[in-house]
Amino acid sequence: MVAHWLRDQNYWDEAQAIYLDVVRRSLEMNEAFFLDDARLSRAVCLKNLGQMSEYRLAKSEVPAGTTISINWVNWRVEDLDRLGYSLC
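Anyway, here's the lowdown on the structure attached to this text. Remember, it's a predicted structure, so these values are computed and weren't measured experimentally.

Parameters and conventions
Residues numbered from 1 in each chain as written. Predicted model: local features only at pLDDT ≥ 70, side-chain atom pairs only at ≥ 80, totals over all residues. Heavy atoms only, no water. Buried < 20%, exposed > 50% of the residue type's maximum accessible area, 1.4 Å probe, protein only. Helix = DSSP H or I, 4+ residues; strand = E, 2+ residues; numbered from the N terminus. Phe/Tyr/Trp six-rings, centres within 6.5 Å; stacked < 30°, edge-to-face > 60°. Axes fitted to C-alpha atoms, helices over the stretch in contact; angles between N-to-C directions. Parallel < 35°, antiparallel > 145°, perpendicular 65-115°, else oblique. Left-handed = near helix turned anticlockwise from the far one by under 90°. Contact = heavy atoms within 4.5 Å. Nonpolar A, V, L, I, M, F, W, Y, C, P; charged D, E, K, R; others polar. Salt bridge = Lys/Arg side-chain N within 4 Å of Asp/Glu carboxyl O.

Let us now look at unusual backbone geometry. Positioned with a positive phi, Asn-10 is a non-glycine residue whose angle comes to about 70°. The partly exposed category is assigned to Asn-10, whose relative accessible area is 40%. The residue Asn-30 is not glycine, and still its phi comes out positive at about 55°. Among the secondary structure elements, Asn-30 is positioned in the loop between helix H2 (12–29) and helix H3 (35–49). Given a relative accessible area of 71%, Asn-30 falls into the exposed group.

Following this line, the structure appears as structure tokens:
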């Protein structure tokens, strides 16, 4: 929840660090419940930070069709490339 709040307040770097920790912990525990959401949310943060190589790598780990809700709008992983930097 903290990462989502930080993302929604445009604290991209802080949010992506938390999402990265969620990804790592999910993989360590073999728990997929938060994994794709954290990966996609982290990709959004990286794109907004302008870290395009890291963004492309993070996005490539997200399965097709994965969606997240940002500011009451559902975003699909496939939509991210055609949108501008500020998705929030």
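Read on, since the account is not over.
Take the packing of aromatic side chains next. Across all of its chains, the model carries two aromatic pairs by this definition. Residues Trp-5 and Tyr-11 carry aromatic rings whose centres are separated by 6.2 Å and whose planes lie at 20° to one another, so their mutual orientation is stacked. Both rings, one in Phe-33 and one in Phe-34, keep their centres 4.9 Å apart while their planes meet at 90°; by these two values the pair is edge-to-face. Given a relative accessible area of 65%, Phe-33 falls into the exposed group.

With that out of the way, let us pick up the environment of Ser-53. Checked against the element boundaries, Ser-53 lands in helix H4 (residues 52–60). The partly exposed category is assigned to Ser-53, whose relative accessible area is 49%. Residues Ser-53 and Asp-36, spaced 17 residues apart in sequence, show a C-alpha to C-alpha distance of 19 Å.

Before going further, it helps to spend a moment on the packing of H2 against H3. Two elements in contact, H2 and H3, have axes whose closest approach is 8 Å; the angle formed by their N-to-C orientations is 150°. Taken together, the axis directions place H2 and H3 in an arrangement best described as roughly antiparallel. Considering only the axes of H2 and H3, their crossing is left-handed. Of the residues in H3, those in contact with Trp-12, Asp-13, Ala-15, Gln-16, Tyr-19, Leu-20, Val-22, Val-23, Ser-26 and Leu-27 of H2 are Leu-35, Ala-38, Arg-39, Ser-41, Arg-42, Cys-45, Leu-46, Asn-48 and Leu-49. Considering only residue class, the contact of H2 with H3 consists of twelve nonpolar, four polar and three charged.

Counted by the stated rule, this structure contains six salt bridges. Here Arg-7 and Asp-8 are joined by a salt bridge, their closest N and O atoms 3.3 Å apart. Classification of Arg-7 by relative accessible area gives buried; the value is 2%. Using a relative accessible area of 31% as the deciding quantity, one classes Asp-8 as partly exposed. The partner of Arg-76 in a salt bridge is Asp-79, and the shortest N-O contact between them spans 3.3 Å. What emerges from the salt-bridge pattern is a single network uniting Arg-76, Glu-78 and Asp-79.

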